[in-house]
Amino acid sequence: MMWNGENQPPGPSVIERYFTRWYKADVKGQACEDHCILQHSNRLCVLTLAETHPILQDGRTIKNINYKISNGCSRLNNKVAGKSKRGGQFLTEFAPVCRITCTDETEYTIYSCMRGRLLEVNEDILINTSLLLKKPSTDGYIAVILPKFEESKLVGENLLSREDFEAVVSKRAADVQAQPS
Amino acid sequence: MLPLKEKDKPVVQKLLSSGCCARCVLRFCCVLVQSLYRQPGEDESEEGTRTATEQSDDPPKKRMKLDDGLKGSEASAGSGDAEAPPAPALSHCVVCLGVLQEYCSRDHARKVAEAVKTEDYHFETILLSVSLPAQLCVREHSCWLHVKKEMREKVMTRVKDDIVPLKEAFKWSVQGLIATELGESFWRESRCIEESIIFPTLSSDCLLLVPSWFRCISIGPQCSDVFLLVHNVEIVSYCPPHGFRHYPTPPGRPTSICTSQAIQCLHTSIYVAGRYNKYSRSLSQTPWIIDGRRMMESSVEELIAEPLASSFRSKGFNFSSSGREDVDVRTLGKGRPFAMEMLNPHRYRFTKMEMKKIQETINTSSDKIAVRDLQIVTRECMGHMKEGEEEKTKSYTALVWTQKPIEKDDIIFLDDIKELTLDQKTPLRVLHRRALAVRQRVIHSMNASFRDPHHFYLRLKTQAGTYIKEFVHGDFGRTKPNLCQLLKMDTDILELDVEVGNCGTSYFQKGNPGKSTGSMTRIVQLGLDFSGDFPRLDVENVIFFFSFQKTRLKQYT
């Protein structure tokens, strides 16, 4: 979350205090479809859109968000029980979590980007899609995923750290500029 | 005169010929007179003189025979006699393997008493407990079958349950001796030390039984430990005689005997209770250890337990409190009730003055916590700690940061909110160890007071179990409604203090926005209530609180 100028809190924000940011750029080969995983110090992960994702660019508005990814599987049916969160759908890196259609008919699929058990999906964005556009890193989160205990430290292995991601973004911008118009 | 009847005579003879000691014979004959189990050398003569004057039902002729019989038993067992020197050639009892023989002597009692004295306990009463090897059950059962076999023709009015248990006989024999050595009495009272005498487990006899048991008992071996199986005396009696066929009846002569492995002393726990205040924002309630590494210097329970443990001379403790707070949250006000179980204390009697002194030691040992009302309590208090946790109302004070400048209307708006119901999903920061659920919690009232355009103090009175931090920053929108939504701006929580216990009417003064509030108001905002509900607030605490507060707030001005 970007704090600007005098409106900065005297210390780190909630995300900076408790979470580590991991990024996956160009998910599934799709240009700029960047996802961001916020990993809490207690190993829980929150799946969000990176601020560079196309949905958040060019003043797009969202027409529809669909958690039903196939005939047999809807992320809305996910139910976990008890402390050990039994029953949650298990996700692998390229498991689709939801499909978002924008008013300009562009369609995007949001992927898990990590292995783990799905705990919950954000149902608030179904009702209020502006949450996703205005606060993609907090209120507009996509899902909460719990990695296996033994895999919790491996979440960031195949993902980019904040610095690496910013390098990728800068390179993209440089490439665009370098291209002959 | 030993209360043995005519019909006991064949039993006695059978047992003696099998190699039982005098006390085991008495046990099998269901003799319940405790005094007879003490040193026969001494007591028997007493008994003899006493009963000589009493009337007895048995004719004198028979009496003589029994005496002879028992005298004979003493000679063959060769134990319990004060004059006879303990020789390795002594034949040990086939049933008790020596437990009721040399371990019932004055010497052993002295050894036990020494063990207690060296530990230097203060105590009122003693409870003696004995841990015996598993195979003694087997040997006893075998002897019982042997006796039963021979007595089949005669009328057996006894069942196995009538036999005096070995542990009881041992205690009857030895308790008096130990008591005399220590000068105490054996009653069941609360402040007693428990002494266990442990005899090691000897294996051979048990292993013989294993194959037949596993066929007889359909329960199946739930425990792989054969000795655990044997310890369950009921299993031994469920085992029908034919199951015992692999085992000799009467039991064979022992190749090894019981030796006393250890004499352990354990004092019953003492319970201490009080209230604690936490003034540090970097102190956990219990030790915080991850992967064997300590994350934080100390903890509330350790700071309280240390002086207590050294005064009570106890090695361990169990800490229990009525609720808990986060590491970075201070506990102000009356303080949070806690109870501590001091394990195996060597000293338990403390006067009120002494308890006050210990309380002072705790309070001076660290500026991070303070304790009050420290007192010794009963065991029930540990349970009371957790009672009523859900019904309580909690008071919090939070320092809130806002992204946009605060308006006067915002303050009024918050003050007017009453009985606000929140739907709180399990916060992400605890979701890894708690079930995912939505909890409804009520904020009864709020009071906001301005500090500067981007900061204000928010005082809340809420239902117990409300997550305040998540209410302030919203927890990704999973707590609804939250302060960000109410004020329509981003908010974050910088500091939190909790006040435990009923606060009564709170004295609150609203400061004017833009004007820095005086020290009096600041103290009130942070939880000190000067109305009638705080009669016990010591002057020292108040002054301490003032000075501490000034240091803390400096960082944010």
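Residues numbered from 1 in each chain as written. Chains lettered and ligands numbered in written order. Predicted model: local features only at pLDDT ≥ 70, side-chain atom pairs only at ≥ 80, totals over all residues. Heavy atoms only, no water.

Glancing now at helix H12 (residues 352–365) of chain B. Think of an α-helix as turning once every 3.6 residues; residues three or four places apart then point the same way. All names here are of chain B. For H12, which comprises 14 residues, the first-to-last C-alpha distance of 20 Å matches the rise-based estimate of 20 Å (1.5 Å per residue) to within 8%. Listed as buried for H12 are Met 355, Ile 358, Gln 359 and Ile 362. The buried residues of H12 all sit within an arc of 100° when viewed along its axis, so they share a single face. Facing away from the buried side of H12 by over 90 degrees, the exposed positions are Met 353, Lys 356, Lys 357, Glu 360 and Thr 364. As for H12, its buried residues are in contact with strand S4 (270–278), helix H11 (300–312) and strand S9 (369–377). (Helix = DSSP H or I, 4+ residues; strand = E, 2+ residues; numbered from the N terminus. Expected span 1.5 Å × (residues − 1). Buried < 20%, exposed > 50% of the residue type's maximum accessible area, 1.4 Å probe, protein only. Arc of directions from axis to C-beta. Contact = heavy atoms within 4.5 Å.)

Of all hydrophobic cores here, the largest spans 49 residues; its most connected members are B:Leu15, B:Cys20, B:Cys24, B:Val95, B:Cys96, B:Leu100 and B:Phe170. Listing elements by their share of this core, those giving two or more residues are helix H1 (8–18), helix H2 (22–28), helix H5 (106–119), strand S1 (125–131), helix H6 (135–150) and helix H7 (166–182) of chain B. The dominant element in this core, judged by the number of residues it contributes, is H7(B), at eight residues. Setting aside anything within four residues of it in sequence, one finds B:Val95 in contact with B:Cys20, B:Cys24, B:Arg27, B:Phe28, B:Leu136, B:Arg139, B:Glu140 and B:Cys143. Counting residues in hydrophobic clusters, the runner-up holds 31 residues, among them A:Cys45, A:Ile62, A:Tyr111 and A:Ala143. (Core = buried A, V, L, I, M, F, W, Y, C linked by side-chain atoms within 4.5 Å.)

Moving on: the pattern of salt bridges. Within the structure shown, the criterion is met by 30 salt bridges over all chains. The salt bridge partner of A:Glu16 is A:Arg21, with a shortest N-O separation of 3.7 Å. Given the relative accessible area of 39%, A:Glu16 is considered partly exposed. The class for A:Arg21 is buried, based on a relative accessible area of 14%. For B:Arg313, the salt bridge goes to B:Asp120, with nearest N and O atoms at 3.4 Å. You can see B:Arg313 sitting in the loop between H11 and strand S7 (316–321) and its partner B:Asp120 sitting in the loop between H5 and S1, a full 193 residues away along the chain. Under the relative-accessibility criterion, B:Arg313 is labelled partly exposed at 32%. Three or more residues are tied together by salt bridges with common partners; here these are B:Asp326, B:Asp328, B:Arg429, B:Lys469 and B:Glu470. (Salt bridge = Lys/Arg side-chain N within 4 Å of Asp/Glu carboxyl O.)

Here we take up the side chain of B:Gln285. Along the chain, B:Gln285 falls in the loop between S4 and strand S5 (289–290). At a separation of 3.0 Å, a polar atom in the side chain of B:Gln285 contacts the side chain of B:Ser321. (Polar contact = N/O pair within 3.5 Å; in protein donor to acceptor, adjacent residues only side chain to side chain.)

Before going further, it helps to spend a moment on the sheet that holds strand S4 (residues 62–66) of chain A. Residues and elements named next belong to chain A. Sheet architecture is open: three strands sit in the order S4-S8-S9, paired in antiparallel fashion. Across the chains shown, the open sheet's two edge strands, defined by having one partner strand only, are S4 and strand S9 (107–111). Neighbour-to-neighbour, the strand axes of this sheet turn through a mean angle of 20°, independent of strand direction. With five bridges connecting them, strand S8 (residues 96–102) and S9 associate as antiparallel partners. Bridging from a neighbouring strand, Ile 100 pairs with Tyr 108 of S9. (Pairing = 2+ DSSP bridges. Axes fitted to C-alpha atoms, helices over the stretch in contact; angles between N-to-C directions.)

Residue and element names in this part refer to chain B. With respect to the helices and strands, Lys 171 occurs in helix H7. Here Lys 171 sits buried without a salt bridge, and the closest side chain of opposite charge, Glu 168, lies 4.4 Å off (N-O distance). Residues within four places of Lys 171 in sequence aside, it is in contact with Leu 128 and Ser 129. (Lys, Arg positive; Asp, Glu negative; His and termini not counted.)

How large an interface is tends to be reported as the accessible area lost when its parts come together. With 30 residues of chain A at the interface, the matching set in chain B holds 23 residues. Across the chain A/chain B interface, buried area totals approximately 2300 Å², and carbon plus sulfur atoms make up 58% of it. Counting across the interface, chain A meets chain B through five salt bridges. A salt bridge links B:Lys480 to A:Asp124, with the nearest nitrogen and oxygen atoms 2.9 Å apart. Across the contact surface, chain A and chain B share nine residue pairs in polar contact (both at pLDDT 80 or more). Considering each element in turn, the side of chain A that touches chain B owes the most residues, three residues, to helix H1 (residues 14–18) of chain A. Taken together, the residues of the side of chain A that touches chain B break down into 15 nonpolar, eight polar and seven charged. (Buried area = accessible area lost by both parts, 1.4 Å probe. Nonpolar A, V, L, I, M, F, W, Y, C, P; charged D, E, K, R; others polar.)

In this structure, the amide linkage connecting B:Lys480 to the following residue, B:Pro481, adopts the cis form with an omega of -10°. Within the secondary structure, B:Pro481 sits in the loop between strand S14 (479–480) and helix H16 (483–487). Phi at A:Lys85 is positive, roughly 55°, even though this residue is not glycine. Mapping A:Lys85 onto the fold places it in the loop between strand S6 (73–74) and strand S7 (90–91). When its relative accessible area of 1% is taken as the criterion, A:Lys85 is described as buried.

Right, let's talk about the packing of H11(B) against H12(B) for a bit. Residue and element names in this part refer to chain B. Running from N to C, H11 and H12 point in directions that differ by 140°, and their axes come no closer than 9 Å. Relative to H12, the element H11 is oriented oblique. Both H11 and H12 take part in a crossing whose hand is right-handed. From H11, Leu 303, Ile 304, Pro 307, Leu 308, Ser 311 and Phe 312 reach across to H12, where they touch Met 355, Ile 358, Thr 361 and Ile 362. The residue makeup of the contact of H11 with H12, split by class, is eight nonpolar, two polar and no charged. (Parallel < 35°, antiparallel > 145°, perpendicular 65-115°, else oblique. Left-handed = near helix turned anticlockwise from the far one by under 90°.)

Before going further, it helps to examine a positive patch on the surface. On the surface, A:Lys83, B:Arg324, B:Lys386, B:Arg433 and B:Arg434 cluster together into a patch of positive charge. Mapping B:Arg433 onto the fold places it in the loop between strand S11 (418–425) and strand S12 (438–452). For B:Arg433, a relative accessible area of 41% gives the class partly exposed. (Patch = residues over 30% accessible without salt bridge, like charges linked within 9 Å, V, L, I, M, F, W, Y side chains within 5 Å. Areas by Shrake-Rupley, 256 points an atom, 1.4 Å probe, with all protein chains shown as cover. Charge placed at Lys NZ, Arg CZ, Asp CG, Glu CD.)

Turning our attention to the packing of aromatic side chains. The geometry of an aromatic ring pair comes down to the distance between the two centres and the angle between the two planes. Residue and element names in this part refer to chain B. Counted according to the given criterion, the structure contains seven aromatic pairs over all chains. Judged by centre distance (6.4 Å) and plane angle (50°), the rings of Tyr 276 and Phe 319 are tilted. Of this pair, Tyr 276 sits in strand S4 while Phe 319 sits in strand S7, and the two are 43 residues apart along the sequence. For Phe 319, a relative accessible area of 17% gives the class buried. Their ring planes at 50° and their centres at 6.0 Å tell us that Tyr 276 and Phe 338 sit as a pair that is tilted. (Phe/Tyr/Trp six-rings, centres within 6.5 Å; stacked < 30°, edge-to-face > 60°.)

Residues and elements named next belong to chain B. Of the residues in chain B, 64% have a pLDDT of 70 or more, and the chain-wide mean is 71. Residue range residues 41–69 is modelled with pLDDT below 50. Its contacts to residues more than four positions away, or to other chains, number 26 contacts. Quick note on the complex model: pTM equals 0.70, ipTM equals 0.90. (pLDDT = per-residue confidence, 0-100.)

All names here are of chain B. Packing of H5 against H7 brings their axes to within 9 Å, and their N-to-C directions diverge by 50°. Here H5 is positioned oblique relative to H7, judged by the angle of their axes. Considering how the two elements wind past one another, H5 and H7 form a crossing that is right-handed. In this structure, H5 uses Arg 106, Ala 109, Arg 110, Val 112, Ala 113, Val 116 and Lys 117 to contact H7, whose residues at the interface are Leu 177, Ile 178, Glu 181 and Leu 182.

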